[in-house]
Structure formats: structure tokens, C-alpha cells
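Below, each chain spelled out in residue letters.
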Amino acid sequence: MANIVNSYDNTDELIKRFPVEHPTYVADGIGKSIQNRLLTGFENWNRGFDAWKAWGDILYTPDSIYNVHGARLTLAEYQAAMDITLKKVNIQMGAFHDMIICDDWTAIRYDITTIAGGREIPGSVMEFVNFKDYGKDLGTRVVEGWGAPKDSGYYGMAMFQGDA
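Keep in mind the model is a prediction, meaning the values are calculated, not measured.

The rules behind each value
- Residues numbered from 1 in each chain as written.
- Predicted model: local features only at pLDDT ≥ 70, side-chain atom pairs only at ≥ 80, totals over all residues.
- Heavy atoms only, no water.
- Helix = DSSP H or I, 4+ residues; strand = E, 2+ residues; numbered from the N terminus.
- Rg over C-alpha atoms; globule rule 2.2 N^0.38 Å.
- Buried < 20%, exposed > 50% of the residue type's maximum accessible area, 1.4 Å probe, protein only.
- Contact = heavy atoms within 4.5 Å.
- Areas by Shrake-Rupley, 256 points an atom, 1.4 Å probe, with all protein chains shown as cover.
- Lys, Arg positive; Asp, Glu negative; His and termini not counted.
- Charge placed at Lys NZ, Arg CZ, Asp CG, Glu CD.
- Salt bridge = Lys/Arg side-chain N within 4 Å of Asp/Glu carboxyl O.
- Pairing = 2+ DSSP bridges.
- Axes fitted to C-alpha atoms, helices over the stretch in contact; angles between N-to-C directions.
- 1 Å grid on protein atoms, 1.4 Å probe; cavity = no way out; pocket = protein on both sides within 12 Å on 5 of 7 lines; lining within 4 Å.
- Points joined across faces, edges and corners; volume = space filled by probe spheres on them.
- Core = buried A, V, L, I, M, F, W, Y, C linked by side-chain atoms within 4.5 Å.

Observations concerning the overall build of the chain
Looking only at helices and strands, the chain has 4 helices and 7 strands in total. Taken over C-alpha atoms, the radius of gyration comes to 15 Å for the chain, in line with the 15 Å a tight globule of 164 residues would show. Summarising its shape, the C-alpha atoms of the chain cover approximately 45 × 40 × 30 Å along the three principal directions. Buried residues in the chain amount to 43% of all 164 residues. In the chain, 56% of the contacts between residues at least 6 apart in sequence involve partners at least 24 apart. As presented, the chain carries roughly 9,100 Å² of accessible surface, and 52% of it is formed by carbon and sulfur atoms. Each charge sign in the chain was given a centre, from 15 positive and 22 negative side chains, and these centres are 4 Å apart.

Considering the pattern of salt bridges
Throughout the structure, instances matching the rule amount to 5 salt bridges. Notably, a salt bridge pairs Glu 43 with Arg 47, separated by 3.0 Å at the nearest N-O pair. Judged by relative accessible area, which is 36%, Arg 47 ranks as partly exposed. When the shortest N-O distance is used, the salt bridge between Glu 144 and Arg 72 registers 2.5 Å. Taken as a pair, Glu 144 in strand β7 (residues 140-149) and Arg 72 in strand β3 (residues 71-74) lie far apart in primary sequence, 72 residues in all. Salt bridges linked by common partners bring Arg 17, Glu 43 and Arg 47 together as one network.

Let's talk about the sheet that holds β7
Two strands in a sheet stick together by hydrogen bonds in their backbones, pointing the same way (parallel) or opposite ways (antiparallel). The strand order across the open sheet built from 7 strands is β1-β4-β5-β6-β7-β2-β3, with neighbouring strands paired in mixed fashion. Edge positions in the open sheet fall to β1 (20-23) and β3, since each of these has one partner strand only. Strand-to-strand twist in this sheet, taken as the mean axis angle between neighbours without regard to direction, amounts to 20 degrees. As paired elements, strand β6 (residues 119-133) and β7 share 9 bridges and run antiparallel to each other. Bridge assignment links Val 129 to a residue of β7, and that residue is Gly 145. Here helix α2 (residues 30-45) sits on the sheet and contacts β4 (90-102), β5 (105-116), β6 and β7; the angle it forms with β4, its principal contact strand, is near 170 degrees.

What about the layout of surface pockets?
Taken as a whole, the largest pocket encloses approximately 570 Å³ of empty space. Contributing to the lining of the largest pocket are 31 residues, with Tyr 66, Tyr 78, Met 93, Tyr 110 and Glu 127 lying nearest its centre. Where the lining of the largest pocket is concerned, the elements lending two or more residues are α2, α3 (49-59), β2 (60-68), α4 (75-88), β4, β5, β6 and β7. Per-element tally for the lining of the largest pocket: the top contributor is α2, with 5 residues.

Description of the nonpolar core
Grouped together as the largest cluster of nonpolar side chains are 34 residues, with contacts concentrated most on Leu 38, Tyr 60, Tyr 78, Phe 96, Met 99, Tyr 110 and Phe 131. Put simply, the parts of the chain that give this core at least two residues each are α2, α3, β2, α4, β4, β5 and β6. Excluding its chain neighbours within four sequence positions, the residues that come into contact with Tyr 60 are Tyr 66, Leu 75, Tyr 78, Arg 141 and Val 142.

Things to note about the side chain of Asn 44
Residue placement: Asn 44 occurs in helix α2. Note on Asn 44: relative accessible area 0%, which makes it buried. Each residue touching Asn 44, except ones within four places of it in the same chain, is listed here: Ile 4, Val 5, Ala 51, Trp 52 and Trp 55.

Quick look at the structure:
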């Protein structure tokens, strides 16, 4: 089994590892839970695919949706896509530039480093995520997320706007 982090009590420790350049005040309740889930997600991602996949089964539900690069993916589809990607490259999460949490929504912008062919390629990602508190047993989890790297052409998230 993968060695993962899964605790709501380690936010102060994690924020030292993944500092937020432009933090906003995070209220108690679901806001604090969301902040911890974001930081914990980075920690588990950087531990490798097996840890991230195990963490994904905690952060998401089978009904969660993740919209990335213009594709709408279920948890299983997202995990399968990342399995293929991470067999070819290593992606490490870095510092947060922005972390805005309002009620059950968050907007985050953060650094990544993609390591491929012996080269380190810096990048930046923007995400919007809707969370839900599923109670004591399941905790705070993703309902739906939207994300794209800055250089993908989707950074402005225009492709997620409806036709209405």
C-alpha cells in the first residue's frame, strides 16, 4: 500500500512545505478543510503515482468530475490518464501563487516542474474546484474541478464557458 498523508491536523506543517505567495484569510469549517485537502494533495502527489492514486480515492468520490485540457473525466478516467502521463514524465508540485477559498469553492494557481528526458521544465497551473463536506466518515471531497497548465491555451478557462 502507498504511504500517504491524510490528516486535517497537519495544515501548519504542510503550508511550510508548500507556501502560498498571496494567501487569503481562510475561515474555519469547510474552508479550513479545503485548505488542508489542497496542501495534502500536493504532498501526496509528490510522493509518486501510487500515493497520489490512493489519495485520489480519498479526495474524490466515484462521481467526482475533473475537467482538464478540455476533457471531462471521471475519477477512474483521470487516474488512468495520469498513470499514462506519469510513466513518461515526472511532475512535481511547487509553491502556490494564489489560494482563494470562498465557501465550498476554491481558485488556486501554483507552480509545477515537469521532468522529462533529463530536463526540468517549469510551469504554472490554474484550477477552480468545488468541494463538498460529506461528514465525519468521508470528509471534504471534490465535486468537480477545472484545471489547465498556463501554456496549454486553456489557462483562461474560456473552454469551460457554456454556449448559453
